[in-house]
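# Report on the structure
For reference, the chains in residue letters:
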Amino acid sequence: MVDMNIDEAKAKVEIKGFLDLDIDASLDLFHEIELLKKEKNAVVLAHYYQEPDIQDVADFIGDSLGLAQQAAKTDADMIVFAGVHFMAETANILNPAKKVVLPDLKAGCSLADSAPASAFKAFKEKHPDHVVISYINCTADIKAMSNIICTSSNAEKIIESVPKDQPIIFAPDKNLGAYLNKKTGRDMLLWNGACMVHEIFSQQKILKLKMLHPNAKLIAHPECEEAVLQYADFIGSTTQLLKFAVTDSANEFIVATETGILHQMQKDAPAKTFIPAPPDNLCACNDCPHMKLNTLEKLYLCMEYEQPEILMDEQIRLAALKPIQRMLEISKAAGLGG
Ligand code: 13P
Ligand code: SF4
């Protein structure tokens, strides 16, 4: 492997968003990553949508809320965030004294991209009497324009914390927003954004699969469309789906979310069968192309060279911090998260 200092690594990352050095094929990356964790007092936080190898080296695997809570409380010097950009950015907002690195800086999010800051600002200005609740899957700029942040595991509690007669803008996910409107009886004004992974499921193919597996329960993430959610036996965040799948009496599940979660489901309930819900076409489109940009090799390199690092404007960070803290307070009071 090339010997390089951190400044040289930084220059390389600026071009590609990740370090693409040749790694000695004889290296046991699992072992090397454990050594780097100790040497650098680093913690590896991974989302359930990461590839299995990354989940297996992580110190903590979780949904967006669990990961934000871990990032806020860690005493590690470096947070290695195996997830997408908005997640690593949230870790940096919550814990600016720590270095936060992401294996591939280009690991974005179609949902976050569906809410550009300038368009959202104009939308918000048209509704000055509304409070803004934003799903954590958005950029720091959107968070900075929000009153409270939520995730898929605490959204109902967050909405309930707002007086019933207070108009609300919910951004950026229209599917999650519609689901929450139904659950809470509110009429939140929804931003027209969506996740490319959760919109791809085919209602028709799922119904056919249910006929082939009559005892299987359909479990779905609330980012899915109503056409799929209406048939779900259980709806929840990735952590909630995992807990349900492990504890429920059923032995077969059709899983309507990103396929990465199946790794933990199979690990935690080896005797059960988990079937990925089929997408609308023949590709593996329920793999998140952003999440899957991270690899074990990139994870190792980003730990070794401490690049690419998440850096942000301090004013935006402080403005984005307030609504995230509000979310963490409400979640703590409600006993949510891990
Ligand atoms: P949760 O982590 O809240 O389950 O959300 C899933 C997701 O789409 C993350 O990008
Ligand atoms: Fe974004 Fe969807 Fe990928 Fe999650 S699964 S990171 S919401 S594109």
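Further up the page is the structure itself.
Described below are features of the structure shown in this document. (Residues numbered from 1 in each chain as written. Chains lettered and ligands numbered in written order. Predicted model: local features only at pLDDT ≥ 70, side-chain atom pairs only at ≥ 80, totals over all residues. Heavy atoms only, no water.)

Right, let's talk about the site of ligand 2 for a bit. With respect to spatial proximity, the complete set of residues near ligand 2 consists of Y49, V84, C109, S110, N137, C195, V197, E223, C288, H290 and M291. Taken atom by atom, the bulk of ligand 2 overlaps the largest cavity. Residues of the shell around ligand 2, tallied by class, amount to seven nonpolar, three polar and one charged. (Near = heavy atom within 4 Å. 1 Å grid on protein atoms, 1.4 Å probe; cavity = no way out; pocket = protein on both sides within 12 Å on 5 of 7 lines; lining within 4 Å. Sits in = over half its atoms within 2 Å of the grid points. Nonpolar A, V, L, I, M, F, W, Y, C, P; charged D, E, K, R; others polar.)

Counting residues in each nonpolar core, the largest one holds 68 residues, and the members touching the most others are F81 and M327. Those residues within four positions of M327 in sequence are excluded, and the remaining contacts are L65, I136, I148, I149, C150, T151, N154 and I158. Membership of the second largest hydrophobic core comes to 25 residues, among which are M4, L21, A82 and L299. (Core = buried A, V, L, I, M, F, W, Y, C linked by side-chain atoms within 4.5 Å. Buried < 20%, exposed > 50% of the residue type's maximum accessible area, 1.4 Å probe, protein only. Contact = heavy atoms within 4.5 Å.)

A few words on empty space enclosed by the protein. If you walk through the whole model with that rule in mind, you get two cavities of 30 Å³ or more. Considering only enclosed or pocket space, the largest cavity measures out at about 230 Å³ in volume. Of the residues belonging to the lining of the largest cavity, the class tally is 12 nonpolar, 12 polar and three charged. What the second largest cavity holds in volume is close to 50 Å³. Along its surface, the second largest cavity is lined by S64, L67, A68, F81, F86, M87, T90, A91 and I136. Element by element, the count of residues in the lining of the second largest cavity is highest for helix α5 (residues 85-94), at four residues. (Points joined across faces, edges and corners; volume = space filled by probe spheres on them. Helix = DSSP H or I, 4+ residues; strand = E, 2+ residues; numbered from the N terminus.)

In this structure, the second largest pocket encloses a volume near 190 Å³. In terms of lining, the second largest pocket is formed by 15 residues, of which the most central are S152, S153, E156, Y179 and Q240. At the level of secondary structure, the elements contributing two or more residues to the lining of the second largest pocket comprise α9 (155-160) and α10 (174-184). At four residues, the largest contribution of residues to the lining of the second largest pocket is made by α10. Of the residues belonging to the lining of the second largest pocket, the class tally is seven nonpolar, five polar and three charged.

A full pass over the atoms with the stated rule returns six aromatic pairs. Ring centres 6.2 Å apart and planes at 40° place the aromatic pair F120 and F123 in the tilted group. With F120 and F123 both in helix α7 (residues 117-125) and three residues apart, the pair spans about one turn of that helix. Of the two residues, F120 and F123, both sit in the buried class. On the numbers, 5.6 Å between centres and 15° between planes, the contact of F253 with F274 is stacked. Taken together, the residues F253 in strand β11 (residues 252-256) and F274 in strand β12 (residues 273-276) connect sequence positions 21 residues apart. Of the residues examined, F253 reaches a relative accessible area of 0% and is grouped as buried. Over the ring of F18 we find K298, and its NZ or CZ is 4.2 Å from the ring centre. (Phe/Tyr/Trp six-rings, centres within 6.5 Å; stacked < 30°, edge-to-face > 60°. Lys NZ or Arg CZ within 6 Å of the ring centre and 35° of its normal.)

The next point concerns the site of ligand 1. The environment of ligand 1 is formed by 13 residues, the closest being H47, S64, S152, H221 and T238. For ligand 1, whose free accessible area comes to 300 Å², the fraction covered by protein is 96%. Judged by the fraction of its atoms near the pocket grid, ligand 1 is located in the largest cavity. Broken down by class, the residue content of the shell around ligand 1 amounts to four nonpolar, seven polar and two charged. (Areas by Shrake-Rupley, 256 points an atom, 1.4 Å probe, with all protein chains shown as cover.)

Let us look at the sheet that holds strand β5 (residues 131-135). Pairing is parallel in the open sheet, where four strands are placed in the order β6-β5-β7-β8. Each having just a single partner strand, β6 (148-150) and β8 (189-190) make up the two edges of the open sheet. Relative to β8, strand β7 (residues 168-171) is paired through two bridges, and the arrangement is parallel. The residue bridging I169 from the neighbouring strand is L189, located in β8. Across the sheet, α7 touches β5, β7 and β8, and the angle it forms with β7 is around 165°. (Pairing = 2+ DSSP bridges. Axes fitted to C-alpha atoms, helices over the stretch in contact; angles between N-to-C directions.)

This next bit is on the environment of D141. Its place among the elements puts D141 in helix α8 (residues 140-144). Owing to a relative accessible area of 35%, D141 belongs among the partly exposed residues under this scheme. Between the C-alpha atom of D141 and that of A319, which follows or precedes it by 178 residues, the distance is 8.6 Å. Leave out the neighbours within four places in its chain, and D141 touches A117 and I316.

Moving on: helix α14 (residues 261-268). Those residues of α14 lying buried are I261, L262, H263, Q264 and M265. Looking at the buried positions of α14, the neighbouring elements they touch are α3 (52-57), β2 (60-62), β9 (217-220), α13 (238-247), β11 and β12.

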